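# Observations on chain architecture
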Amino acid sequence: MGGATLAPRRPWRGRRVLLGVSGGIAAYKVVQLARDLTLLGAEVDVVLTRAAQAFVGAVTFEALTGRPVRSEILAPGWALDHIRLAREADVVCVAPATADLLARAAAGVASDLLSAILLATTAPVLLCPAMNDRMYANPATQANLARLRERRGYRLVGPAVGPLAYGEGDGPGRLEDTGVILAHIGRALEGETALSGRRVVVTAGPTREPLDPVRFISNRSSGRMGFEIAAAAWRRGAEVTLVAGPTALPAPTGPALVRVETAADMESAVRAALPDADALVMAAAVADFRPAQRAPEKIKKERTPAALALERAPDVLRETRDARPAGLVVVGFALETEDVRANARRKLNEKDLDLVVVNDATVPGAGFEVETNQVTILDRTGREEDLPLMSKQDVAEAILDRLAPLLARR
Ligand code: CTP
């Protein structure tokens, strides 16, 4: 979730996540997943298979989720729990899903609580396979996975490739990272939204304009705002291309990440992504100017230039206007220090934008290198909306809330 902080927000708050844990060593990692889901505001019902209890205890999950943990299908007082839990779940996620659990699910066996829930639920089901690489490669397991995906419509998350307990090297079989699983649960919880299936191009981060092979001009953009928008748009069901200048942020789960360096590279990447796009969100802090000359070799200090000659870098929003498909919704950003609204409205008109998100760089807690932002959103109809100081994650949601209805009218 792109540098996410775990605070209750959409789509987690009050949602029921049934977390099924089957008996593999990766079960220990799912303790963290249960904790993260709970911190995000979800109500997490953990169901352990008997084998899972050999790896992790019910008390651990009960303490972290604050809810009872179930294992037995036939227990006095819990007689119809498999039906109740299956019905109440907004999403069912099995992590780890062992070869045995997959085989039982594929066969439709309902011999224990978790497999019975899988048969009884109508909620989206995510399976996160984790097992020894040879067990995973076995045609029996592969056939079960194909059947679960194609005939039952279950979504498979992972396995990842990497070191395995008792593995023969780095084969597929590792449980996918819990952050990745979390992002997929979020997308499943969103269901159908105005962004589902829409193609959204997001730019993020600074650009670097080289002076010589080792030096460049850049800016303080961290890329966080754009990464949060890309992650949130993917979670809401969009197909996202994230064009990012150099940043230290980890790739978010979901978006296709295109790394670029200069404003010129960003222009080509945006141009390439535009033809089938539904929306473009230009959150990148693209250089306005660049060194007029790029020295082919490192400039020696004996030859320190007295001044740097600069030239205009391409304006990505302007230069790619001819590549915009009809009806493309375009969101631009503006960082201003004076005449904030007037300047922002001028950019909206000049760059032909549907929305402009304005940062007032003089407000504490807004802009570059901070976790929060305070923005004003302007639209074509003349509306100007001041949002309170909030996390960049919440700003990303607010921007998408305003972008979505513009898409719906296409
Ligand atoms: N932008 C762009 N290409 C550039 C510079 C900016 O596409 N070379 C985009 C930014 O991503 C942002 C919008 O244009 O969405 C506004 O950027 P900003 O730098 O605030 O405005 P400028 O047009 O550069 O105007 P000024 O320097 O006068 O503030």
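Just above sits the structure.
Rules of the game
- Residues numbered from 1 in each chain as written.
- Predicted model: local features only at pLDDT ≥ 70, side-chain atom pairs only at ≥ 80, totals over all residues.
- Heavy atoms only, no water.
- Buried < 20%, exposed > 50% of the residue type's maximum accessible area, 1.4 Å probe, protein only.
- Helix = DSSP H or I, 4+ residues; strand = E, 2+ residues; numbered from the N terminus.
- Arc of directions from axis to C-beta.
- Contact = heavy atoms within 4.5 Å.
- Near = heavy atom within 4 Å.
- Polar contact = N/O pair within 3.5 Å; in protein donor to acceptor, adjacent residues only side chain to side chain.
- Areas by Shrake-Rupley, 256 points an atom, 1.4 Å probe, with all protein chains shown as cover.
- Nonpolar A, V, L, I, M, F, W, Y, C, P; charged D, E, K, R; others polar.
- Pairing = 2+ DSSP bridges.
- Axes fitted to C-alpha atoms, helices over the stretch in contact; angles between N-to-C directions.

### Regarding helix H12 (residues 340–350)
Of all the residues in H12, the buried ones are Val340, Asn343, Ala344, Lys347 and Leu348. Angular distribution of buried residues about the axis of H12 spans 145°; they occupy a single face of the element. When the buried face of H12 is taken as reference, the exposed residues oriented beyond 90 degrees from it are Ala342 and Asn349. Turning to H12, the residues buried within the fold contact strand S16 (329–336), strand S17 (355–360) and strand S19 (375–379). Following H12 by one or two positions, Asp352 has its phi on the positive side, about 55°.

### Here we look at the site of the ligand
The environment of the ligand is formed by 15 residues, the closest being Met282, Ala284, Phe333, Lys347 and Lys351. At a separation of 3.4 Å, an oxygen atom of the ligand approaches a polar backbone atom of Leu335. Contact distances for the ligand include 2.7 Å between an oxygen atom and a side-chain N or O atom of Lys351. Relative to its unbound accessible surface of 580 Å², the ligand loses 78% to contact with the protein. Breaking the shell around the ligand down by element, the ones donating at least two residues are helix H11 (316–319) and S16. Its residues placed into classes, the shell around the ligand shows ten nonpolar, one polar and four charged.

### Some remarks on the sheet that holds strand S20 (residues 384–386)
Sheet architecture is open: eight strands sit in the order S12-S11-S8-S13-S16-S17-S19-S20, paired in mixed fashion. One side of each edge strand has no neighbouring strand; the edge strands of this open sheet are strand S12 (256–259) and S20. Looking at each pair of strands side by side, their axes are set apart by 15° on average, direction ignored. Alignment of S17 against S19, held across five bridges, turns out to be antiparallel.

### A few points about the environment of Arg67
On the secondary structure map, Arg67 appears in the loop between helix H2 (58–65) and helix H3 (81–88). Taking the C-alpha atoms as reference points, Arg67 and Ala334, 267 residues apart in sequence, are found 46 Å from one another. Setting aside anything within four residues of it in sequence, one finds Arg67 in contact with Arg16, Glu43, Val44, Asp45 and Glu62. Polar side-chain contacts of Arg67 include one of 3.0 Å to the side chain of Asp45.

### Some thoughts on unusual backbone geometry
Note on backbone geometry: most residues besides glycine have negative phi, and most peptide bonds are trans. In this model, Ala95 is joined to Pro96 through a cis peptide bond whose omega is -10°. Within the secondary structure, Pro96 sits in strand S3 (residues 91–97). Residue Pro159 is bonded to the preceding Gly158 through a cis peptide linkage, with omega at 5°. You can see Pro159 is positioned in the loop between strand S5 (155–156) and strand S6 (160–161). A positive phi angle, close to 45°, is found at Asp339, a residue other than glycine. Considering the arrangement of structural elements, one finds Asp339 in the loop between S16 and H12. Even without a glycine there, the phi angle at Asp352 is positive, about 55°. Classification of Asp352 as partly exposed rests on a relative accessible area of 29%.

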